[in-house]
Amino acid sequence: MKIAVLVFPGSNCEHDVYHVLKHQLQVQVDYVWHQESDLSSYDGVVLPGGYSYGDYLRSGAMAGRSPVLSAVRRRAEEGAPILGICNGFQILCESGLLPGALMRNAGLRFLGHPVAMRVERTDTPFTALYEKGQRVTMPVANFDGNYFAGAADLERLEGEGQVIFRYLENPNGSVNDIAGIVNARRNVLGLMPHPERVCDDLVGGTDGLKVFQAMAGHLVGA
């Protein structure tokens, strides 16, 4: 089992993800630069948080057109688990791998604090170790974390159970309190709060660890 952690100009959370996968879960993991075009040797992919290209055009817009996204799309179509965190979520939306868009927070302020969420579904490669309805706390760190989707996309997301995490106290104005969604196949997850920042009691808790444990366990059993 081997997982790719993508790196874009401006990424700043790749080291956190790498640490959790390699040093806490003993998973083989590589940093993969955004100009790579082949991910066929990797069983899963993580798009970490940060500010790819400085968010100068629009959060995730430039990264969503990087060469590596074509490879991410191929692996997603083949069923590999793809996890996008914060800026990674924005990139997945900008590249069309997930519906909707991430807009400026409702208060037009950067937010950086723990938020409470509810686990809505456990039938994904990322949430299988949680309990449905479980309350978890993870930190947000974003300016553009306000999730929006049009009426048709929103109806499909809700109707087909693609909303995976929901805010209990909405920090940024996201429609329907949405904090994380999956694609129809359920193997691509976009999550705005940062699970990698709560994977050890030494840094404030372990509520996010099961995201990575479930992803690794899914690959072992695949």
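Please refer to the structure higher up on the page.
These remarks concern the structure in this document.

Parameters and conventions
- Throughout, a residue's number is its position along its own chain's written sequence, starting from 1.
- Restriction of local features to residues with pLDDT of at least 70 applies here, the model being predicted, together with a cutoff of 80 or more for giving and counting side-chain atom pairs; totals for whole chains, interfaces and linings are based on all residues.
- Note that water and hydrogens are dropped before the side-chain values are worked out from all heavy atoms of the structure.
- By definition, any uninterrupted DSSP run of H or I lasting at least four residues is a helix, any uninterrupted run of E lasting at least two residues is a strand, and each is numbered from the N terminus.
- The reference for a compact globule is 2.2 Å times residues^0.38; the radius of gyration itself is calculated from the C-alpha atoms.
- Only the protein chains shown count as cover for residues, and all accessible areas are computed by the Shrake-Rupley method using a 1.4 Å probe.
- Positive: Lys, Arg. Negative: Asp, Glu. His and the chain ends are not part of the count.
- In plain terms, the charge of a residue is placed at NZ if it is Lys, CZ if Arg, CG if Asp and CD if Glu.
- The cut-offs for exposure are 20% and 50% of the maximum accessible area for each residue type, with area from a 1.4 Å probe on protein chains only; residues under the lower value are buried, those over the upper are exposed, and the others partly exposed.
- Only strands joined by at least two bridges in the DSSP assignment are considered to pair.
- Only buried residues count toward a nonpolar core. Its members are Ala, Val, Leu, Ile, Met, Phe, Trp, Tyr and Cys residues joined through side-chain atoms within 4.5 Å.
- The criterion used for residue contact is that any of the two residues' heavy atoms lie within 4.5 Å.
- For salt bridges, the criterion is a side-chain nitrogen of Lys or Arg within 4 Å of an Asp or Glu carboxyl oxygen.
- Axis geometry follows a simple rule: fit a line to the C-alpha atoms, using only the stretch in contact for helices, then measure angles between N-to-C directions, giving values from 0 to 180 degrees.

Broken down by element type, the protein chain carries five helices and eleven strands. Scaling as 2.2 N^0.38, a compact globule of 222 residues should have a C-alpha radius of gyration of about 17 Å, and the protein chain matches this with 16 Å. Projected onto the principal axes, the alpha-carbon positions of the protein chain cover approximately 40 × 35 × 35 Å. When the accessible surface of the protein chain is summed, it comes to about 9,300 Å², and 49% of that surface belongs to carbon and sulfur atoms. If the 19 positive side-chain charges of the protein chain are averaged to one point and the 24 negative ones to another, these points end up 2 Å apart.

Below, the discussion takes up unusual backbone geometry. The residue Leu108 is not glycine, and still its phi comes out positive at about 55°. Along the chain, the position of Leu108 falls in the loop between strand E5 (101–103) and strand E6 (111–119). Residue classification places Leu108 among the exposed positions, given a relative accessible area of 59%. Of note in this structure, Asn176 is not a glycine but carries a positive phi near 55°.

Structurally, Ser41 can be placed in the loop between strand E2 (28–33) and strand E3 (44–47). On the basis of relative accessible area, Ser41 is assigned to the partly exposed category, the value being 43%. Taking the C-alpha atoms as reference, Ser41 lies 9.0 Å from Ala4; in sequence the two are 37 residues apart.

What follows is about helix H3 (residues 87–94). Burial analysis of H3 places seven of its eight residues in the buried class, the great majority of the element. Turning to H3, its buried residues number three or more, namely Asn87, Gly88, Phe89, Gln90, Ile91, Leu92 and Cys93. Gly96, located one to two residues past H3, shows a positive phi value of around 85°.

Counting buried positions over the five residues of strand E9 (residues 163–167) gives five, a clear majority of the element. Relative to E9, E6 runs antiparallel, the two sharing three bridges. Across the sheet, the residue bridging to Arg118 is Arg166, located in E9. As judged from the three bridges shared by E9 and strand E10 (residues 178–182), these two strands associate in the antiparallel manner. Bridging from a neighbouring strand, Phe165 pairs with Gly180 of E10.

A word on the nonpolar core. General note: in soluble globular proteins, nonpolar side chains tend to be found buried as a group. Counting residues in each nonpolar core, the largest one holds 69 residues, and the members touching the most others are Leu6, Leu21, Leu39, Phe165 and Phe212. Setting aside its immediate chain neighbours within four residues, Leu6 contacts Glu14, Val32, Leu39, Val45, Val46, Leu47, Pro48, Val68 and Val72.

Turning next to the pattern of salt bridges. Counted according to the given criterion, the structure contains nine salt bridges. Arg75 is paired through a salt bridge with Glu78; the nearest N and O atoms lie 2.4 Å apart. Given a relative accessible area of 13%, Arg75 falls into the buried group. Relative accessible area serves as the criterion here: at 53%, Glu78 is assigned to the exposed category. Measuring nitrogen to oxygen at the nearest pair gives 2.6 Å for the salt bridge that ties Arg118 to Glu120. Since its relative accessible area comes to 31%, Arg118 is described here as partly exposed.

Taken in spatial order, the nine strands make up an open sheet running E2-E1-E3-E4-E11-E10-E9-E6-E7, and their pairing is mixed. The outermost strands of the open sheet, each flanked by one partner alone, are E2 and strand E7 (135–142). Averaged over all neighbouring strand pairs, the angle between strand axes comes to 25°, with direction disregarded. Most of the contacts of helix H2 (residues 68–77) go to strand E4 (residues 82–85), to which it runs at about 130°, and overall it touches strand E1 (2–7), E2, E3, E4 and strand E11 (188–191). Those strands touched by H3 are E3, E4, E10 and E11, and its axis lies near 115° from that of E4.

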